[in-house]
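The residues making up each chain are set out below.
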Amino acid sequence: MLYGEYSERNDMYHPDLSAFGVTGSNLTQWGLGAVQEIDAAAMSLWLTYKNYDASFEGAPPAISNLDDINVVAAGAMISF
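Since the model is a prediction, treat every value here as computed from it, not as a measurement.

Calculation criteria
Residues numbered from 1 in each chain as written. Predicted model: local features only at pLDDT ≥ 70, side-chain atom pairs only at ≥ 80, totals over all residues. Heavy atoms only, no water. Helix = DSSP H or I, 4+ residues; strand = E, 2+ residues; numbered from the N terminus. Contact = heavy atoms within 4.5 Å. Buried < 20%, exposed > 50% of the residue type's maximum accessible area, 1.4 Å probe, protein only. Polar contact = N/O pair within 3.5 Å; in protein donor to acceptor, adjacent residues only side chain to side chain.

S.K.: Before we go on, may I ask you to explain the side chain of Ser44 in this structure?
M.R.: Along the chain, the position of Ser44 falls in strand β3 (residues 43-57). Once residues within four sequence positions are removed from consideration, Ser44 is found in contact with Gln36, Glu37, Gly75, Ala76 and Met77.

See below:
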């Protein structure tokens, strides 16, 4: 099975960042993944890729110039 995901979060930053001048934030997340079921072994295998793009409004360059975060994860689950 293949799947995709997308979300966007606005102004969900920690209140302590206001001390650095942060007045707003935006986090966009998207991802793709694949899951393979192996019935004979009661097993699931998966591989995912996720991209996170964050930005802050009103923040100094040290906080506002962020690179995207890319995450690749793989796993397996055996049911018994």
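On we go.
S.K.: When you look at unusual backbone geometry in this model, what are you seeing that I'm missing?
M.R.: Residues other than glycine seldom take positive phi values, yet Asp11 does so here, at roughly 55 degrees. With respect to the element layout, Asp11 can be found in the loop between β1 (2-10) and β2 (24-38). Even without a glycine there, the phi angle at Ala42 is positive, about 50 degrees. Along the polypeptide, Ala42 turns up in the loop between β2 and β3. Accessibility expressed as a relative area gives 33% for Ala42, which makes it partly exposed.

S.K.: What am I meant to see in the side chain of Ser25 here?
M.R.: Mapped onto the secondary structure, Ser25 falls in strand β2. Classification of Ser25 by relative accessible area gives buried; the value is 8%. Separated by 3.2 Å, the side chain of Ser25 and the backbone nitrogen of Met12 make a polar contact. Setting aside residues up to four positions removed in sequence, Ser25 forms contacts with Arg9, Asn10, Asp11, Met12, Tyr13, Ser55 and Phe56.

Any link to function would need more than the numbers given here.
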